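Examination of the molecular architecture
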Amino acid sequence: MSVQHDALHRFLFNKSDIRGELVSASDTLQQILGDHNYPEPVRHLLGELLVCTSLLTATLKFEGDITVQIQGDGPVHLAVINGNHNQQMRGVARMNSDIPAGAGLHELIGKGVMVITITPEKGERYQGIVALEGETLEACLDNYFRQSEQLPTSLFVRVAEHNGKLQAAGMLLQALPASAEARTPEETKAIFSHLLQLTATISPDELFTLDAETILYRLYHEEEVVLYEPAAIRFHCGCSRERCADTLVTLPQEDVAHILQEDGNIDMECEYCGTHHIFNEQDIRDIRHQKEQSLH
């Protein structure tokens, strides 16, 4: 069977009341990295963040957006992935100094936190703060789930070079509420621990090269696993000329006039996808005219 790239597969252990997710997002990662020329540690960090965001998005029963960002006082002061319930992803990193070769999470971020912001289309916005107490994002999120009173959850993130390209994939296991009703907490904990041990044996090469059915059979061939239809993961920026125009009309007219006099036009480059939205003096007049018309 052919490898299914850039997809999220949900699966369920029928006899254990435990669910799982399997994510492959290598092509989407390549589009996020684009022409940014990030140093290798930053590329790796964005790959981990992409996998974590996709896995977290799939655990949430809502329609809307999710933003997972890491901010700190280190060489990388911001790394962020924006996603939504349709698995449309974009991301960027901002650096303020040179990146040491082989730098790990704490060398990159310094003192910082992970901020998870959930904005449902219906309902209230939610924001959670995750302490960077582990050596990897996977460990930090595991600590977060373990310390919070949420369902037992664990992530497995694999980002590495394979066939000359940085690849990104991962898995997640989560105990369902029904487990507590059907079994004692000790029984549920034992089953979950056993499945975690099996999942931890997955190698990057297996995640990068094998289809979902093969991966699940290799890991859980003694379990009864139901695999559901996959959801495609893809890069989607969402920037547009219209959004840039909306931003331009909020700027002081003297500032806009100064840029036009100096450069002849205003070039608004999207930091996510690199698209240039260019406006000349006539464009600005038209935008302001349209804005005035809409107010009357």
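Rules used throughout
- Residues numbered from 1 in each chain as written.
- Predicted model: local features only at pLDDT ≥ 70, side-chain atom pairs only at ≥ 80, totals over all residues.
- Heavy atoms only, no water.
- Helix = DSSP H or I, 4+ residues; strand = E, 2+ residues; numbered from the N terminus.
- Buried < 20%, exposed > 50% of the residue type's maximum accessible area, 1.4 Å probe, protein only.
- Contact = heavy atoms within 4.5 Å.
- Areas by Shrake-Rupley, 256 points an atom, 1.4 Å probe, with all protein chains shown as cover.
- Domains from an automatic or database assignment.
- Pairing = 2+ DSSP bridges.
- Axes fitted to C-alpha atoms, helices over the stretch in contact; angles between N-to-C directions.
- Phe/Tyr/Trp six-rings, centres within 6.5 Å; stacked < 30°, edge-to-face > 60°.
- Lys NZ or Arg CZ within 6 Å of the ring centre and 35° of its normal.
- Polar contact = N/O pair within 3.5 Å; in protein donor to acceptor, adjacent residues only side chain to side chain.
- Parallel < 35°, antiparallel > 145°, perpendicular 65-115°, else oblique.
- Left-handed = near helix turned anticlockwise from the far one by under 90°.

Section: the overall build of the protein chain
Scanning the protein chain from terminus to terminus reveals 11 helices and 14 strands. Projected onto its principal axes, the C-alpha coordinates of the protein chain cover approximately 70 × 50 × 40 Å. Relative to its full complement of 296 residues, the protein chain shows a buried share of 46%. Counting contacts in the protein chain only where the partners sit at least 6 residues apart, residues at least 24 apart contribute 61% of the total. As presented, the protein chain carries roughly 15,500 Å² of accessible surface, and 48% of it is formed by carbon and sulfur atoms.

A few points about the domain arrangement of the protein chain
Entries for the protein chain in the domain assignment read domain 1 (7-59 + 86-100 + 133-235) and domain 2 (241-295). Its C-alpha centre places domain 1 at a distance of 41 Å from the equivalent point of domain 2.

Overview of unusual backbone geometry
Residues other than glycine seldom take positive phi values, yet Gln87 does so here, at roughly 60 degrees. Examined against the element boundaries, Gln87 turns out to sit in the loop between β4 (76-84) and β5 (88-95). Located in the positive-phi region is Asn163, a residue other than glycine, with phi close to 55 degrees. Within the fold, Asn163 resides in the loop between β8 (153-162) and β9 (165-175).

Let's talk about the environment of Gln150
Mapped onto the secondary structure, Gln150 falls in the loop between α4 (137-147) and β8. In this structure Gln150 touches Tyr144 and Phe145, once residues within four positions along its chain are discounted.

Details of the sheet that holds strand β3 (residues 64-72)
Strand order in the open sheet formed by 6 strands is β7-β6-β3-β4-β5-β12, with mixed pairing between adjacent strands. Sheet topology places β7 (126-131) and β12 (234-235) at the edges, where each strand pairs with a single neighbour. Across 6 bridges, β4 lies against β5 in antiparallel orientation. The residue bridging Ile81 from the neighbouring strand is Gly91, located in β5. With respect to the sheet, helix α2 (residues 40-59) is in contact with β3, β4, β5 and β6 (112-120), its orientation differing from that of β4 by roughly 35 degrees.

Section: the packing of aromatic side chains
For the coordinates displayed, the defined rule picks out 4 aromatic pairs. A centroid spacing of 6.1 Å and a plane angle of 35 degrees characterise the contact between Phe11 and Tyr220, whose relative ring orientation is tilted. Of this pair, Phe11 sits in strand β1 (residues 7-13) while Tyr220 sits in helix α8 (residues 212-220), placing them 209 residues apart in sequence. Side by side, Phe11 and Tyr220 carry an identical accessibility label, which is buried. When the centroid spacing of 4.8 Å and the interplanar angle of 85 degrees are considered together, the rings of Phe13 and Tyr220 count as edge-to-face. Linking Phe13 in strand β1 with Tyr220 in helix α8, this pair joins segments that are 207 residues apart in sequence. Of the two residues, Phe13 and Tyr220, neither departs from the other in class, the shared state being buried. Taken together through their ring pairs, the aromatic side chains of Phe11, Phe13 and Tyr220 make up a single cluster. Taking the ring centre of Tyr272 as reference, the NZ or CZ of Arg90 above it sits at 3.8 Å.

Comments concerning the side chain of Glu21
On the secondary structure map, Glu21 appears in strand β2 (residues 18-24). A polar contact of 2.8 Å, which involves the side chain of Glu21, links it to the side chain of Arg19. If sequence neighbours within four positions are ignored, Glu21 has contacts with Leu8, His9, Arg10, Phe11, Leu55, Ala58, Thr59, Gly170, Met171 and Leu172.

Section: the packing of helix α1 (residues 26-33) against α2
Running from amino to carboxyl end, α1 crosses α2 at an angle of 130 degrees, the nearest separation of the two axes being 10 Å. Taken together, the axis directions place α1 and α2 in an arrangement best described as oblique. Considering only the axes of α1 and α2, their crossing is right-handed. Here Thr28, Leu29, Ile32 and Leu33 of α1 come into contact with α2, specifically with Arg43, Leu46, Gly47 and Leu50.

Topic: the pairing of β7
Taken together, the 6 bridges between β6 and β7 define a ladder with antiparallel strand orientation. Bridge pairing in β7 places Val115 opposite Ile129.

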